[in-house]
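Structure at a glance
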Amino acid sequence: MKFAIETVISEISAMKSCISFTERKSLGGKTYTTKINDILYIKTDRHYLEIFLINGSVISVRDKISNYIDNPDFKDFVMIDTGILANLANIKIIEDNAHFPDGQILGISRRRVQSVLQAYIQYSKKVLL
């Protein structure tokens, strides 16, 4: 019985860490479900968001980036520049740039360097504990 309860709890917590996106209609309108940790970063493109995933795919959705900034499930994400929300779990190295596992390098705005470094240090401490 204990194993069954633990399994149900782990499945519920795994479901919480997932999010669904519906692609814009001009690209097919498919709905994707992905783990939040599989997102490298989210970038704005006019009225659309491009969601870059670890597997190399990009999902384009019509949404506002503020919906993700305010979402508690995205607490490990930080704005590195205007219109770019990066997942701290997937940043390899931070200097004045954010390096991602897929080789992508994004610049951190001068105005946000200190806050991004602070967020990265806090995230690293949390992961190590």
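What you see is a predicted model, and the numbers here were worked out from it, not measured in a lab. (Residues numbered from 1 in each chain as written. Predicted model: local features only at pLDDT ≥ 70, side-chain atom pairs only at ≥ 80, totals over all residues. Heavy atoms only, no water.)

1. Structural notes on the overall build of the chain
Just so we agree on the cut-off: Starting at the N terminus, helices and strands are each numbered in turn, a helix being any DSSP run of H or I of at least four residues and a strand any DSSP run of E of at least two. Exposure categories follow from relative accessible area, calculated using a 1.4 Å probe and restricted to protein chains: below 20% of the type maximum is buried, above 50% is exposed, and the middle band is partly exposed. The criterion used for residue contact is that any of the two residues' heavy atoms lie within 4.5 Å. All accessible areas in this document rest on Shrake-Rupley with a 1.4 Å probe, and a residue is counted as covered only by the protein chains that are shown.
Within the chain, the secondary structure is distributed over three helices and nine strands. Seen in sequence order, the chain has helices and strands lined up from the N terminus as α-β-β-β-β-β-α-β-β-β-β-α. Expressed as a percentage of the 129 residues in the chain, the buried residues total 33%. Long-range contacts, defined here as pairs at least 24 residues apart, represent 38% of the contacts in the chain between residues at least 6 apart. Here the chain displays about 8,600 Å² of accessible surface, and carbon together with sulfur accounts for 54% of that area.

2. A closer look at helix H3 (residues 113–128)
Since one α-helical turn is 3.6 residues long, residues separated by three or four positions face the same way. As a reminder of what qualifies: For a helix, the expected span equals 1.5 Å multiplied by the residue count minus one. Here the arc refers to the directions that run from the helix axis out to each C-beta atom.
Over its 16 residues, H3 runs 22 Å from end to end, which matches the ideal 22 Å to within 8%, given 1.5 Å per residue. For H3, the set of buried residues is Val 113, Val 116 and Tyr 123. One side of H3 carries all its buried residues, which in axial view fall inside an arc of 95 degrees. Structurally, H3 contributes buried residues whose contacts are with strand S6 (77–81).

Honestly, that's just the spatial picture; any functional story needs more than this.
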